[in-house]
Structure formats: C-alpha cells, structure tokens
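Fold and contact review
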Amino acid sequence: IEHYGEQVVTRKSLFLKIAGGTKAQVLAKAMMRSPANCNVLEIGTYCGYSAVRLAATMRSAKIFTVEVDPVHVVVARNIIAFAGLSNTVEVWTGHSGELIPCMSAVNANNRGAARFGAVFMDQRGSRYHEDLAALEQNDLLMPGTVLVADNVLKPGAPIFLWHVFVDPSYKSSVIRVSEFAVPSEDWMAVAIFQPIPSRS
C-alpha cells in the first residue's frame, strides 16, 4: 500500500491518507510500549492499512477498528482478509461517538470487558478530545494504555493536546514527522495513561 501511495498516487497529484513512512515507524515504536496481550482500538480505519500494521506489530493483540464510512469498511475488511487477519482485526461500522460507549460491554476472546491497552486515533482531529472523554467516561483505558494521535498539527487537535498535556494522568509528547508521500510537516502525539490513585 505504501508503494502504491508513493509510486502511483503521488504521480497523479493525488494523496493517499495513510499513516505510512515515518508515521508507521512512530506508531509501531509507541505501540510496543503498551501492556502485553492487550486489546487495541483504532478510530478511523480508512482502508485498513494501519490495522494490518498494528496486527503485525502486536501479534497477540485483538484489534478493534472503527470506521464511519461503509465503503471504507468494505475495502478495509477485504484488505484485512487478504492479509489473513480477519480473526485478529474486527472492523466496526459507525461513528466513534456512538460505538465507544458500546465497547464497555464487549467481551473480547474471554479477556473480560474490552479495556484497551493501546489506542490509535486517526480520524478527524477536532474529535479526538470527544473520543478520549468517551474512553475515560466508559472506563475503557487501563493503566499503561498508550494513545497515539495522528494529524495533531494538520488539521489539528488543540483541545486533545491541551487535555493530555495538562491532565497529570497522562505522560505526553509530540513527535514531528513528515506527512506520508507529501512534502509537508505534521505532528503525532503519544500519551501514556497512568491514572492518579484517588485519595479516599
């Protein structure tokens, strides 16, 4: 897919919106810091490229990926099936705002409630803070959860960035990267969730 994006799409002055190149490297390195044998949530499946990369990086993980566009869901499911990962990657169709609250009731391969040890946000950046709030409110983050958010510079995710840098439950950094196959700078945010014990 990266080869197609670099060699075919860019020659036609088009843009393949995937987290490839240095973004894929940042994603893989960050995800290796997540708790062992955890569930992984990707918000924004697109064509399934990142879900396949996540499954290849985190071989013992169950990947849940959410996509609002049904055409992208069909494409992603076929790419995931072609990669032989249909038992590892589950594509959910719908809006993250509606699906995230449902996930607290999901039982993933007898692992108990579907709390996530890794989350990759790759949809509209202006929604990241809403999705993070839903994950927190539904107790879907475990201690040590690694959150990676793409495109926090362009188009931007200022409220999300403010939250993960101000809230002491997160240890956060921003990594400067190049957009895949486009000569443009972007940022990825990496945050580790370490909840502060309550004083009760």
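Provided above is the structure to which this section pertains.
Now for a description of the structure that goes with this document.

Scoring rules and cut-offs
Counting starts from 1 at the beginning of each chain's written sequence and moves along it residue by residue. Per-residue local features are limited, in this predicted model, to residues with pLDDT of at least 70; the limit for side-chain atom pairs, both in listing and counting, is 80 or more; totals at the level of whole chains, interfaces and linings are taken over all residues. Only hydrogens and water are removed before side-chain values are computed, so all heavy atoms of the structure are retained for them. Numbering goes from the N terminus for both helices and strands, where a helix is a DSSP run of H or I of at least four residues and a strand is a run of E of at least two. Contact between two residues is taken to exist if any of their heavy atoms lie within 4.5 Å; hydrogens are not considered. Residues adjacent in sequence count toward polar contacts only when both atoms are side-chain atoms; beyond that, a polar contact is any pair of N or O atoms within 3.5 Å, and within protein one must be able to donate a hydrogen and the other to accept it. The rule for pairing is simple: two strands pair if DSSP sees at least two bridges between them. All axes here are fitted lines through C-alpha atoms, helices being fitted over the stretch that makes contact, and every angle between N-to-C directions spans 0 to 180 degrees. For every residue, the accessible area obtained with a 1.4 Å probe (protein chains only) is divided by the maximum for its type, and the residue is called buried under 20%, exposed over 50%, and partly exposed between those limits. What the arc describes is the spread of directions from the helix axis to the C-beta atoms. Only residues above 30% relative accessible area that lack a salt bridge enter a patch, with like-charged residues linked at up to 9 Å and the nonpolar side chains Val, Leu, Ile, Met, Phe, Trp and Tyr linked at up to 5 Å. To be clear on the numbers: accessible area is Shrake-Rupley with a 1.4 Å probe, and residue cover counts the displayed protein chains and nothing else. Whenever a carboxyl oxygen of Asp or Glu lies within 4 Å of a side-chain nitrogen of Lys or Arg, that contact is scored as a salt bridge. Positive: Lys, Arg. Negative: Asp, Glu. His and the chain ends are not part of the count. Pairing of aromatic rings covers Phe, Tyr and Trp, the last counted by its six-membered ring, and requires centre-to-centre distances within 6.5 Å; plane angles under 30 degrees mean stacked, over 60 mean edge-to-face, and any other angle means tilted.

A few words now on the overall build of the protein chain. Across its full length, the protein chain carries eight helices and seven strands. Relative to all contacts within the protein chain whose residues are 6 or more apart in sequence, the contacts with residues 24 or more apart total 71%.

One can find Y128 in helix α6 (residues 128-137). Separated by 21 residues in sequence, Y128 and A149 have C-alpha atoms that sit 7.9 Å apart. Setting aside chain neighbours within four positions, we find Y128 in contact with M121, D122, Q123, A149, D150, N151, V152, A157 and F160. Of the polar contacts made by the side chain of Y128, one reaches the backbone oxygen of Q123; its length is 3.5 Å.

On to the sheet that holds strand β6 (residues 170-178). Taken together, the seven strands give an open sheet; going across it, the order is β3-β2-β1-β4-β5-β7-β6, and neighbouring strands pair in mixed fashion. Looking at strand neighbours, the two that pair on one side only are β3 (89-93) and β6, the edges of this open sheet. Mean inter-strand twist for the sheet, computed between neighbouring axes without regard to direction, equals 15 degrees. Bridging between strand β1 (residues 39-43) and strand β2 (residues 62-67) involves five bridges; their strand directions are parallel. In the strand pairing of β2, N39 is matched with K62. Packing of helix α4 (residues 70-82) onto the sheet brings it into contact with β2 and β3, and relative to β3 it is tilted by some 170 degrees.

A few words on helix α8 (residues 158-166). The complete set of buried residues in α8 reads F160, L161 and V164. Buried residues of α8 fall within an arc of 95 degrees about the axis and therefore sit on the same side. Opposite its buried face, α8 presents the exposed residues P158 and W162, each directed more than 90 degrees away. Buried residues belonging to α8 abut β4 (116-121), α6, β5 (141-149), α7 (152-156), β6 and β7 (185-193).

On the surface, a nonpolar cluster with roughly 410 Å² of combined accessible area is contributed by W162, F165, V166 and V174. Broken down by element, the nonpolar patch gets its largest block of residues, three residues, from α8. With respect to the helices, strands and loops of the structure, W162 is situated in helix α8.

Bringing the side chain of E42 into the picture now. Inspection of the secondary structure assignment puts E42 in strand β1. Put simply, E42 is tucked away with no salt bridge, and the nearest opposite charge, on R53, sits 11 Å away. Of note is the side chain of E42, whose polar atom sits 2.6 Å from the side chain of T65. Those residues within four positions of E42 in sequence are excluded, and the remaining contacts are S50, A51, L54, F64, T65, V66 and F120.

Moving on to the packing of aromatic side chains. Summed over all chains, the structure comprises four aromatic pairs. When the ring of F64 is compared with that of W92, the centres are 6.2 Å apart and the planes differ by 85 degrees; the resulting orientation is edge-to-face. Residue F64 is located in strand β2, and its partner W92 is located in strand β3; the two are separated by 28 residues in the primary sequence. Given a relative accessible area of 16%, W92 falls into the buried group. Between F64 and F116, the ring centres sit 5.9 Å apart and the planes meet at 75 degrees, which makes this aromatic pair edge-to-face. Of the two residues, F64 sits in strand β2 while F116 sits in strand β4, which places them 52 residues apart along the sequence. Judged by relative accessible area, which is 2%, F64 ranks as buried. Joined through ring pairs, the aromatic side chains of F64, W92 and F116 make up one cluster.

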